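Working through the structure, step by step
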Amino acid sequence: MVAENVLTAADLIWPIFVQEGPAARTPVASMPHVDRLSIPALVDAVGEAKALGIPCVALFPVTPIERKSPDGDEATNPENLICRATRAVKEAHPDIGVLCDVALDPYTTHGHDGVLREGYVANDETVEFLVRQSIVQAEAGCDVIAPSDMMDGRVGAIRDALDEAGFERVKIMSYAAKYASGFYGPFRDALGSKSSLGKTDKRSYQMDPANTDEALREVALDLAEGADMVMVKPGMPFLDVVRRVKERFGVPTFVYQVSGEYSMLHGAIERGWLDESVIPETLLGMKRAGADGILTYSALAVARLLRKG
Ligand code: PBG
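Residues numbered from 1 in each chain as written. Predicted model: local features only at pLDDT ≥ 70, side-chain atom pairs only at ≥ 80, totals over all residues. Heavy atoms only, no water.

**Here we look at the packing of helix α2 (residues 81–92) against helix α3 (residues 123–140)**
How two helices sit against one another is set out by the angle between their axes and by the gap between those axes. At a closest axis distance of 8 Å, the pairing of α2 and α3 adopts a crossing angle of 25°. One way to sum up the angle between α2 and α3 is to call them roughly parallel. Crossing angle aside, the handedness with which α2 passes α3 is right-handed. Within the contact between the two elements, α2 uses Ile-82, Cys-83, Thr-86 and Arg-87 and α3 uses Val-136, Gln-137 and Ala-140. A class-by-class count of the residues in the contact of α2 with α3 yields 4 nonpolar, 2 polar and 1 charged. (Axes fitted to C-alpha atoms, helices over the stretch in contact; angles between N-to-C directions. Helix = DSSP H or I, 4+ residues; strand = E, 2+ residues; numbered from the N terminus. Parallel < 35°, antiparallel > 145°, perpendicular 65-115°, else oblique. Left-handed = near helix turned anticlockwise from the far one by under 90°. Contact = heavy atoms within 4.5 Å. Nonpolar A, V, L, I, M, F, W, Y, C, P; charged D, E, K, R; others polar.)

Put into structure tokens, the structure is as follows:
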């Protein structure tokens, strides 16, 4: 009766790893209960998500190693895995949203989000790739383009290109405040980009966990360039940032409960150290911090739980 916040299936976006080949599903070793799905298995899973009231799924491709290259050209191939997966999902379930990441890391042999020149990610040249990647994904039917690369100026460039190509209704959710975090480890395992990255890190383009004023500047820039929604990532250690962004800008604000947060919780649940109820508790905490929606690998399980009541 006195609850100030409520968690519903409509708050959830479900990130899913998609794989090529005949195997329906392959487990991700560092993420309990998370599988990489083939396209037919993905289509079935999205059907269940839709039936449970989840409004949107986020697709991440496991690119076969022979399709990776230093410049990540496969990202701009209209027949790549993510485009085929998006077309299959939209054909079977036109009423659920499909969000596609924009960044080159699933496609580069070095695992960075952009093209490397003299050991650094080259911002402007990368933006040209990201624009082309956005267009092929929009052509495949994706509803929301989510640039996760953290290059400067990419939101404006993508918005202009989408509009010019007739995709003015495709929305942009920018990973505006994305921190250089240790919590992305299991995601990089799932995609096979961890070994490619080796000892290098993403600190020249992702944010310093020490900063929050900088997050507000990043969000302001992305909004000025045309972002429809913004995201803070990771979730649990950065909920103060969610609160500040929501209070300052009042725009649709999303938070990503990333792979490492998921694995941390499930690692403890598997050992019997924590009870499963901690999962919805963390998500409610994100709502309380001001998030309008949450990307979480627990989306399907939590939606099932909420349905049972
Ligand atoms: C790619 C990308 C990453 C995540 C989402 N998009 C990894 C990274 O930046 O290294 C992380 C998601 C997660 O850990 O669940 N740019």
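Let us keep going from here.
**A look at the site of the ligand**
By nearness alone, 19 residues border the ligand, and Lys-178, Lys-202, Lys-233, Ser-259 and Tyr-297 come closest of all. Interatomic distance of 2.9 Å between a side-chain N/O atom of Asp-113 and a nitrogen atom of the ligand. The fraction of the free accessible surface of the ligand (400 Å²) that becomes covered by protein chains is 100%. At a threshold of 2 Å from the grid points, most atoms of the ligand map onto the largest cavity. (Near = heavy atom within 4 Å. Polar contact = N/O pair within 3.5 Å; in protein donor to acceptor, adjacent residues only side chain to side chain. Areas by Shrake-Rupley, 256 points an atom, 1.4 Å probe, with all protein chains shown as cover. 1 Å grid on protein atoms, 1.4 Å probe; cavity = no way out; pocket = protein on both sides within 12 Å on 5 of 7 lines; lining within 4 Å. Sits in = over half its atoms within 2 Å of the grid points.)

**Focus on unusual backbone geometry**
With an omega dihedral of -10°, the bond running from Lys-233 to Pro-234 counts as a cis peptide bond. You will see that Glu-118, though not glycine, has its phi angle at about 55°, which is positive. For Glu-118, a relative accessible area of 80% translates into the label exposed. In this model, Met-150 sits at a positive phi of 70°, which is unusual for a non-glycine residue. With respect to the helices and strands, the residue Met-150 is situated in the loop between β8 (144–147) and α4 (154–164). (Buried < 20%, exposed > 50% of the residue type's maximum accessible area, 1.4 Å probe, protein only.)

**Focus: the packing of helix α7 (residues 213–224) against helix α8 (residues 239–249)**
Packing of α7 against α8 brings their axes to within 10 Å, and their N-to-C directions diverge by 45°. The angle between α7 and α8 places the two elements in the oblique class. Crossing hand, α7 versus α8: right-handed. Residues Asp-213, Ala-215, Leu-216, Val-219, Ala-220 and Leu-223 of α7 pack against Val-241, Arg-244, Val-245, Arg-248 and Phe-249 of α8. Classifying every residue of the contact of α7 with α8 gives 8 nonpolar, no polar and 3 charged.

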